[in-house]
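Read off the chains here:
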Amino acid sequence: QVQLVESGGGLVQAGGSLRLSCAASGRTFADYTMAWFRQAPGKPREFVAGINRGGGRTSYADSVKGRFTISRDSAENTVHLQLDSLKPEDTAIYYCATDRVPWGVVIRTAETAYDFWGQGTQVTVSS
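The model shown is predicted, which means the values in this text are computed figures rather than measured ones.

### Regarding the overall build of the chain
Reasoning step 1: Within the chain, the regular secondary structure consists of zero helices and eleven strands.
Reasoning step 2: Its helices and strands taken in sequence order, the chain reads β-β-β-β-β-β-β-β-β-β-β from the N to the C terminus.
Reasoning step 3: Computed over its C-alpha atoms, the radius of gyration of the chain comes to 13 Å, within 12% of the 14 Å expected for a compact globule of 127 residues.
Reasoning step 4: With the C-alpha coordinates aligned to their principal axes, the bounding extent of the chain is approximately 40 × 30 × 25 Å.
Reasoning step 5: Burial status across the chain gives 43% buried among its 127 residues.
Reasoning step 6: By sequence separation, contacts in the chain at least 24 residues apart represent 59% of the contacts at least 6 residues apart.
Reasoning step 7: As displayed, the chain has an accessible area near 6,200 Å², and 48% of this comes from carbon and sulfur atoms.
Reasoning step 8: Within the chain, the 12 negative side-chain charges are centred at a point lying 4 Å from the centre of the 13 positive side-chain charges.

### Points about the pattern of salt bridges
Reasoning step 1: Summed over all chains, the structure comprises seven salt bridges.
Reasoning step 2: A salt bridge links Arg 38 to Glu 46; the nearest nitrogen and oxygen atoms lie 2.7 Å apart.
Reasoning step 3: Through salt bridges with shared partners, a single ionic network connects Arg 38, Glu 46, Arg 67 and Asp 90.

### Looking at the side chain of Asp 90
Reasoning step 1: By secondary structure assignment, the location of Asp 90 is in the loop between strand S8 (78–83) and strand S9 (92–99).
Reasoning step 2: Polar side-chain contacts of Asp 90 include one of 2.7 Å to the side chain of Arg 67.
Reasoning step 3: Not counting the four nearest positions on each side in its chain, Asp 90 is found in contact with Arg 38, Arg 67, Phe 68, Ser 85, Val 123 and Val 125.

### Some details on the side chain of Thr 78
Reasoning step 1: When you line up the elements, Thr 78 lands in strand S8.
Reasoning step 2: For Thr 78, a relative accessible area of 15% gives the class buried.
Reasoning step 3: Of the polar contacts made by the side chain of Thr 78, one reaches the backbone oxygen of Glu 76; its length is 3.0 Å.
Reasoning step 4: The contact partners of Thr 78, leaving out residues within four places of it in the chain, are Cys 22, Ser 71, Arg 72 and Asp 73.

### Notes on the sheet that holds strand S1 (residues 3–7)
Strand pairing in a sheet takes place through backbone hydrogen bonds and is either antiparallel or parallel in direction.
Reasoning step 1: With antiparallel pairing, the four strands of this open sheet are ordered in space as S1-S3-S8-S7. Two strands lie at the open edges of the sheet, namely S1 and strand S7 (68–73), each paired on one side alone. Averaged over all adjacent pairs, the angle separating strand axes in this sheet is 15 degrees, with direction ignored.
Reasoning step 2: Here six bridges tie strand S3 (residues 18–25) to S8, and the two strands are oriented antiparallel to one another. Looking across to S8, one finds that Ala 23 is bridged to Thr 78.

### Remarks on the nonpolar core
For soluble globular proteins, the rule of thumb is that nonpolar side chains tend to be buried together.
Reasoning step 1: One finds Trp 36, Val 48, Phe 68, Ile 70, Leu 81, Leu 83 and Tyr 94 to be the most contacted residues of the largest nonpolar core, which totals 27 residues.
Reasoning step 2: Ranked by the residues each element gives to this core, the list is headed by S3, at four residues.
Reasoning step 3: In contact with Val 48, not counting residues within four places along its chain, are Trp 36, Phe 37, Arg 38, Ser 59, Tyr 60, Ala 61, Val 64, Phe 68, Leu 81 and Tyr 94.
Reasoning step 4: Judged by nonpolar contacts, the second largest core, of seven residues, contains Phe 37, Phe 47, Ile 107 and Tyr 114.

Definitions and limits used
- All chains use their own residue numbering, which begins from 1 and follows the written sequence.
- Thresholds applied to this predicted model are a pLDDT of at least 70 for local features of residues and 80 or more for the giving and counting of side-chain atom pairs; totals over whole chains, interfaces and linings are not thresholded and use all residues.
- Side-chain descriptors were evaluated using all non-hydrogen atoms of the structure, hydrogens and water having been removed beforehand.
- Helix and strand assignments follow DSSP, with helices taken as H or I runs no shorter than four residues and strands as E runs no shorter than two, numbered in order from the N terminus.
- We compute the radius of gyration over the C-alpha atoms and compare it with the globule rule, which gives 2.2 Å times the number of residues raised to the power 0.38.
- Type-normalised accessible area, obtained with a 1.4 Å probe on protein chains alone, sets the label of each residue: buried when under 20%, exposed when over 50%, and partly exposed for intermediate values.
- Any two residues having at least one pair of non-hydrogen atoms within 4.5 Å are treated as being in contact.
- Each accessible area is a Shrake-Rupley estimate made with a 1.4 Å probe; only the visible protein chains count as cover when residues are assessed.
- His is not counted here, nor are the chain ends, while Lys and Arg score as positive and Asp and Glu score as negative.
- Positions of charges follow a simple convention, taking NZ of Lys, CZ of Arg, CG of Asp or CD of Glu.
- A side-chain nitrogen of Lys or Arg and a carboxyl oxygen of Asp or Glu constitute a salt bridge if their distance falls within 4 Å.
- Definition of a polar contact: a pair of N or O atoms within 3.5 Å, with one able to donate and the other able to accept a hydrogen when the atoms are protein atoms, and with sequence-neighbouring residues admitted only if both atoms are side-chain atoms.
- Note on pairing: DSSP must find at least two bridges between two strands before they are called paired.
- Every angle, taken between N-to-C directions, lies between 0 and 180 degrees, and every axis is a line fitted to C-alpha atoms, over only the stretch in contact when it is a helix.
- As used in this record, nonpolar core signifies buried Ala, Val, Leu, Ile, Met, Phe, Trp, Tyr and Cys residues forming a set joined through side-chain atoms within 4.5 Å.

Here is the structure:
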């Protein structure tokens, strides 16, 4: 049974930092691209960051480039998202997800490319 569990969300002031974690089980996650998405109230879920199976390639949405950093610990089946220089517009529920296809070369940004999702963790940034 595949399971993804996010943690690390919370309330922070603008300019602050948070570190999100996603613990994965039930699949050989080292073989899969992993990604973080987010969904703000009244908006569709959007791609935030992705990391390939080896961890050597990453991709970021333009809105977070230079502020967020994705990393993974394949031995621990964990993916992290470091959020720095947070802005009120970063307020959202953050989800981690795993690509449908193992051994992928491209980090896909479409929501439909991912088949397993965590329950989400709330990030709230106050101004």
